[in-house]
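Chain and residue survey
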Amino acid sequence: MVGQPDTATVIAARAGDPVAVDRLVAGYLPLVYTIVGRALEGHADVDDVVQEVMLRVLRNLGELRDPSAFRSWLVAITVRQVRERFRARPPADPLDPDLRDPGADFTDLAITRLELSGQRRETAEATRWLDDDNRELLSLWWLEASGELTRDEIVDASGLGRQHAAVRIQRMKAQLETARAVVRALRGPHCAELAGVLTGWDGRPGPLWRKRIARHTRDCRLCAPAWHNLVEAERLLAGMALIPLPPGLAIFKINALGGTATGAVSTAASTAAPASIVAKTGGIVAQKVLAGLLATGVVAGGGAAVWSYRSPGEPITTAAAVASPQAPPPSVAAPSPTPSVTEPSPSPSRRSSSAPAAPPVANASAKKGAAVWKFAGSKGALKDVGASWYYSWSANDNEVPGPAGVEFVPMVWGAANVTDATLKEVKTEGDVLLGFNEPDLAEQSNMTVEAALAAWPKLEATGMKLVSPAVAFGGDTAGGWLDRFMTGAKSRGLRVDAIALHWYGSDFSSASVGQFLGYVDAVYSRYRKPIWITEFGLINFGGSPKYAGDAQKVAFIKGATTGLEKRSYVERYAYFGLPAVGDSVDFGLYLDGDSPTAAGKAYRAAG
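Quick look at the structure, then.

Rules used in this analysis
- Residues numbered from 1 in each chain as written.
- Predicted model: local features only at pLDDT ≥ 70, side-chain atom pairs only at ≥ 80, totals over all residues.
- Heavy atoms only, no water.
- Helix = DSSP H or I, 4+ residues; strand = E, 2+ residues; numbered from the N terminus.
- Contact = heavy atoms within 4.5 Å.
- Areas by Shrake-Rupley, 256 points an atom, 1.4 Å probe, with all protein chains shown as cover.
- Core = buried A, V, L, I, M, F, W, Y, C linked by side-chain atoms within 4.5 Å.
- Buried < 20%, exposed > 50% of the residue type's maximum accessible area, 1.4 Å probe, protein only.
- Expected span 1.5 Å × (residues − 1).
- Salt bridge = Lys/Arg side-chain N within 4 Å of Asp/Glu carboxyl O.
- Axes fitted to C-alpha atoms, helices over the stretch in contact; angles between N-to-C directions.
- Parallel < 35°, antiparallel > 145°, perpendicular 65-115°, else oblique.

Attention now moves to the overall build of the protein. On a plain count of helices and strands, the protein comes out with 21 helices and 13 strands. A fraction of 72% describes how many contacts in the protein between residues 6 or more apart in sequence connect residues 24 or more apart. For the protein, the accessible surface area stands at approximately 24,500 Å², while carbon and sulfur atoms represent 53% of it.

Here it is in structure tokens:
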């Protein structure tokens, strides 16, 4: 981690040591600036949000119980402030172009200050095309990929469960790859058809144009090379984490002496951190000093860091604040997870009539379920679709509570979840337990067969019905991950009551139904155990994900669910996934609690 103060500095700052507070602010300012800058993509609010983060940190530092958790706490506060700014300016409202200063564009700053070129530059430019909620997640994952944050810190900051975070990150990466192809397509010579597609585009990146351009490049022989030879983003991000702070930030420290405070210019900035935060082009940004705000509540002990933005030519203004060392800090609630802000999706049009039509009734099936992650309307959608059960990749239903009568099935997602506390918790959630999620993939639970077998007796000890680990592919393959797990379980006398499968089809034609059901049959023939299909759908994950059209999804869902209902050995199935919001709008089932997509209507009728 670059230039970040240690725990001893945090302890000293919490006790009110003004030098330590100064170092803490200077040391972590690049991290906060990088997260906020990427999440808001150079909007004029970036400097305000950074200031709000540091203010909240200083006000509440005295209440931090575990100094070693300072960075996680700081990142959580940062994400919350970004979300609060999004709520104040809903994503549906386009940004006023006057508020986006080209000279302060964060991507341009990153490209210039990190001296990016080639695919690294393309990746940085592609971030402009991400949805707001994905840009927030990118700001954290980018730092994980470059070694500045851990996955646990991302989970804590985002408010997502570890499993949900993994799914969200995977989808965000897919959108980033699509955006990279869009950047390439726009840079090269345009074919005549792409030029026609771009008619009416105002040159600003946005989700609608990203989808239009990407759709064209996938189908166009001349533009398809934009998808070729894309280096994995993780490899590109190594060593390009924190954006060096531009000149213009003055850091101050306040020493409270006998109930008064004096300000002096700190020299810590020059030694503990790169120069400072942006002075906007033209020096228009007003100086933002925190002293007046901190006067009502500074760090316990009377010390606080006060910093201001200024243009390089502005004189440094020292700040003074009055604070009593004996006064307790104001009680400000610690940041709590809030739902990711996503772009609202259009609801299906409804025909007007003189008398309201009776709402469609979902077909009930003991087999039909849903794979769900947190979104507005999840409970209503579960009821509307007629699901008899659901899961959320979690050990409990705290994040996604379901309606009465719909069974929640817990999961032990990976090796880190095999704890006494988690195993005790799942026993309170039901009678069935799902095993590890895609252990054969490095970006999912990433477990060896030996590790899974070693952990399995602890799952068995719950006394619950056990469904096998769900492999991403190759469940019917001799010598594959699942085959070796089942062979090992048999030789060790371990109990596996049912087999979990995932299947995604890249052939969107009518042949997809037969391919899917053939795979299900082949897995059953190999193991002769009840089958649970916990993820299935039409998504081509080769390169950047490609999605089936509405008519293709409807035909597949009708054929696939009919076949699953007829097979007595299929106990449960769950389409991926219930939400059709944000980055899942291309394949999900519900826009909100009672607005199914075309695929959602087909799934509602299944059973």
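This brings us to the nonpolar core. Inside soluble globular proteins, nonpolar side chains tend to come together where they are buried. Residues Phe-516, Phe-536, Phe-556 and Leu-578 are the most contacted members of the largest nonpolar core, which totals 68 residues. Ranked by the residues each element gives to this core, the list is headed by helix α19 (residues 511–527), at seven residues. Ignoring anything within four residues of it in the chain, the contact list for Phe-516 reads Trp-503, Ile-533, Phe-536, Phe-556, Ala-560 and Leu-564. Core analysis: the second largest hydrophobic core is formed by 63 residues, Val-49, Leu-143, Leu-176 and Ala-179 among them.

What follows deals with helix α9 (residues 162–187). With 26 residues, α9 should reach 38 Å at 1.5 Å per residue; the first-to-last C-alpha distance of 37 Å fits that figure. Buried residues dominate α9, accounting for 22 of its 26 residues.

Turning next to the pattern of salt bridges. Counted under the stated rule, the structure contains 13 salt bridges. Its salt-bridge partner being Asp-497, residue Arg-495 comes within 2.5 Å of it at the nearest N-O pair. Close ionic contact of Asp-521 with Arg-567 constitutes a salt bridge, the shortest N to O distance being 2.8 Å. Of this pair, Asp-521 sits in helix α19 while Arg-567 sits in the loop between α20 (550–566) and β13 (570–576), and the two are 46 residues apart along the sequence.

It is worth spelling out the packing of helix α7 (residues 132–145) against α9 at this point. Interhelical geometry of α7 versus α9 gives an angle of 100 degrees and a closest axis separation of 10 Å. For the element pair α7 / α9, the angle class is roughly perpendicular. Packed against α7, whose contacting residues are Asp-133, Asn-134, Leu-137, Leu-138, Trp-141 and Glu-144, the element α9 presents Arg-168, Ile-169, Met-172, Lys-173, Gln-175 and Leu-176 at the interface.

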